[in-house]
Amino acid sequence: MNFRSLRFRMTAWYAGLLVGALLAFGVSVYLGLEGYLDWTLQAMLASECRTIGTELLSQLPGKNRGWLETEINEAYAPEVNARFIRVNRERMGVIYISRAPKDGAFDPSQIPSPGGRNDGARRIRLENGQQLLINAMRFTTPDGSQFLVESGIPYQRIQVVLHGLLLTLAIYTPFVVFLAIGGGYWLMRRSLRPVDEITERAEGITSSNLSERLPVIRTGDELERLSVALNRMIARLEDAFQHINRFSADASHELRTPLTILQLELEGIVNNHSLSGSLEEQIVSALEETHRMSRIVESLLTISRLDAGEAKLDRSRLDLSGLATSTADEMRVLAQEKSILLRTSTEENVCVQGDRTRLQQVIANLMDNAIKYTQEGGAVEVSVQNQGGKAVLEVVDNGVGIPATAIGHVFERFYRVDKARSRASGGAGLGLSIAKSICGAHSGEISVSSEEGRGSCFRVELPLSAICDSTEPATLLRKVTP
Ligand code: ADP
């Protein structure tokens, strides 16, 4: 798990806030309930004192203490209900005190009398650690006698309820927090899914498909603004790229005519004048260089037009296997010159929608390179297959291979691994750039894997065309030509 991810941090914040809110809620419920129960007990005790004072003590002049004891015991059963009741008569002392409760929670005789201020509720702590809530009330009967009535109850009654509440909170809070964290994480994942989608699409946008745009989810929020802003940025990049491509195309186009004139004039000089040996040599060499320059300018023009989407592609449904086989046949002479074994291995009816001449240029270029960069007696294999719904063409050789540091650059314009050797063999480092641009124009891809000293494999993937021109059903039969 990535602890620095937005998803984790948001979930952690959410969980933290939730735990804080639950704690605050728990504390306030606890304190609120404690206050309410305390108030209710006090009200009950006060009502008892009042009943004893007004209903029993007022009759006392005509009755004796035994009567009072019986009345109180019958009405409140203090022994059974663990209650404390004490009646004090001024100057006479205690005239009634309840017996110790059956559970032995407290000893009534040990309970001190209230001090100076007699009225009201108080909480006293007993020797056994228990607390007793006692309410005291003063009464004066019509005959002028003064009484102090006390009624008490163990505070434990409230504590039992509060402990129950604490236990409930302790059991359910982690459960609720756990559920909320799980839910929060899931929600976070859901709400960040559009970001994943945008990232995935943005990853797939390169200089070759700058016309693509990111998905815009019309929610009017930050995500919509982000994707709209990124799309505007991609549009600006597309403009800039097209500007560069157009510039290269225009420059190449402008250079074409003067180069052709130069070539014709040099050819005219060589053909129509009798020149001295060294001068002829120099002019022939200059002519060769202009031919080279023309090829470079043509290649640059092709790449720029393909990249700018301005090159006209003469698309038709064509059999890639057939095209690879026929191109290999044409290249066979070159291979034989170096005693290289050229093999083709093709599946039947692997068809694509494309420009025959351009795709042939790609295959010829890859094979030419394979033959060029393979030592005498080596082997080159061209294969065409239908792989996972894609037409896959591979040119594999067991030649010099490409150093790991150069692999990432071979499709760049003018890149050559071994400058001296490539130039000697006529290469300007544009062949693979053209191949890449042609594949891009066909919505395909070209890639390479290679190991220095062991050989290379160039792989072209093109979208498969649904139906081939051929009437034969598609088969997986492999045709191998040595
Ligand atoms: P060039 O016209 O110089 O061959 P490319 O664009 O076709 O230019 O190739 C670029 C570079 O990639 C070459 O200079 C060469 O070093 C390397 N390369 C291409 N194909 C192969 C191959 N089959 N084996 C080894 N190196 C290769």
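What you see is a predicted model; the values in this text were computed from it and never measured.

### Observations regarding the pairing of strand β2 (residues 93–97)
As paired elements, strand β1 (residues 84–89) and β2 share four bridges and run antiparallel to each other. If you follow arginine 89 over to β2, its bridge partner there is glycine 93. Here β1 folds back onto β2, and the loop between the two strands holds three residues, one of which, arginine 91, carries a positive phi near 75 degrees.

### Some details on helix α11 (residues 431–441)
Within α11, the full set of buried residues consists of Leu432, Ser433, Ile434, Ala435, Ser437, Ile438 and Cys439. Contacts from the buried residues of α11 go to α6 (277–307), α8 (356–372), β11 (445–451) and β12 (455–463). Once α11 finishes, serine 443 follows within two positions and takes phi at roughly 55 degrees, a positive value.

### Some remarks on the pattern of salt bridges
Throughout the structure, instances matching the rule amount to 17 salt bridges. For arginine 256, the salt bridge is made with glutamate 298, and the minimal N-O distance between the two is 2.7 Å. One end of the pair, arginine 256, is in helix α5 (residues 222–272); the other, glutamate 298, is in helix α6, and 42 residues separate them in sequence. Its relative accessible area of 33% is what places glutamate 298 among the partly exposed residues. Across the pair arginine 459 and glutamate 394 runs a salt bridge, and its minimum N-O distance is 2.8 Å. With arginine 459 in strand β12 and glutamate 394 in strand β10 (residues 390–397), the pair connects residues that are 65 residues apart, well separated along the chain. For the residue pair arginine 459 and glutamate 394, the accessibility class agrees, reading buried in each case. Salt bridges linked by common partners bring Lys390, Glu394, Arg459 and Glu461 together as one network.

### As for the domain arrangement of the protein
In terms of domains, the protein is made up of domain 1 (6–161), domain 2 (222–308) and domain 3 (315–481). Taken over C-alpha atoms, the centre of domain 1 sits 104 Å from the centre of domain 2.

### Overview of the sheet that holds strand β3 (residues 120–125)
The strand order across the open sheet formed by five strands is β2-β1-β5-β4-β3, and the pairing between neighbours is antiparallel. Looking at the sheet topology across the chains shown, the edges are occupied by β2 and β3. Averaged over neighbouring strand pairs, the angle between their axes works out to 25 degrees when direction is ignored. Running at roughly 35 degrees to strand β4 (residues 131–140), helix α1 (residues 6–56) makes contact with β1, β3, β4 and β5 (146–154) of the sheet. Sitting on the sheet, helix α2 (residues 65–76) is in contact with β1 and β2, with an inclination near 40 degrees to β2.

### Considering the packing of aromatic side chains
Note on aromatic pairs: each is described by the distance of the centres and the angle between the planes. For the coordinates displayed, the defined rule picks out three aromatic pairs. Between the aromatic rings of phenylalanine 84 and phenylalanine 106, the centroid separation amounts to 6.5 Å while the plane-to-plane angle is 85 degrees, which identifies the pairing as edge-to-face. Of the two residues, phenylalanine 84 sits in strand β1 while phenylalanine 106 sits in the loop between β2 and β3, which places them 22 residues apart along the sequence. Accessibility expressed as a relative area gives 0% for phenylalanine 84, which makes it buried. Ring geometry for phenylalanine 411 and phenylalanine 458: centres 6.3 Å apart, planes at 80 degrees, overall edge-to-face. Of this pair, phenylalanine 411 sits in the loop between α9 (404–407) and α10 (419–424) while phenylalanine 458 sits in strand β12, placing them 47 residues apart in sequence. The lysine or arginine in question, arginine 123, covers the ring of tyrosine 155, its NZ or CZ lying 3.9 Å from the ring centre.

About the criteria used
Residues numbered from 1 in each chain as written. Predicted model: local features only at pLDDT ≥ 70, side-chain atom pairs only at ≥ 80, totals over all residues. Heavy atoms only, no water. Pairing = 2+ DSSP bridges. Helix = DSSP H or I, 4+ residues; strand = E, 2+ residues; numbered from the N terminus. Buried < 20%, exposed > 50% of the residue type's maximum accessible area, 1.4 Å probe, protein only. Contact = heavy atoms within 4.5 Å. Salt bridge = Lys/Arg side-chain N within 4 Å of Asp/Glu carboxyl O. Domains from an automatic or database assignment. Axes fitted to C-alpha atoms, helices over the stretch in contact; angles between N-to-C directions. Phe/Tyr/Trp six-rings, centres within 6.5 Å; stacked < 30°, edge-to-face > 60°. Lys NZ or Arg CZ within 6 Å of the ring centre and 35° of its normal.

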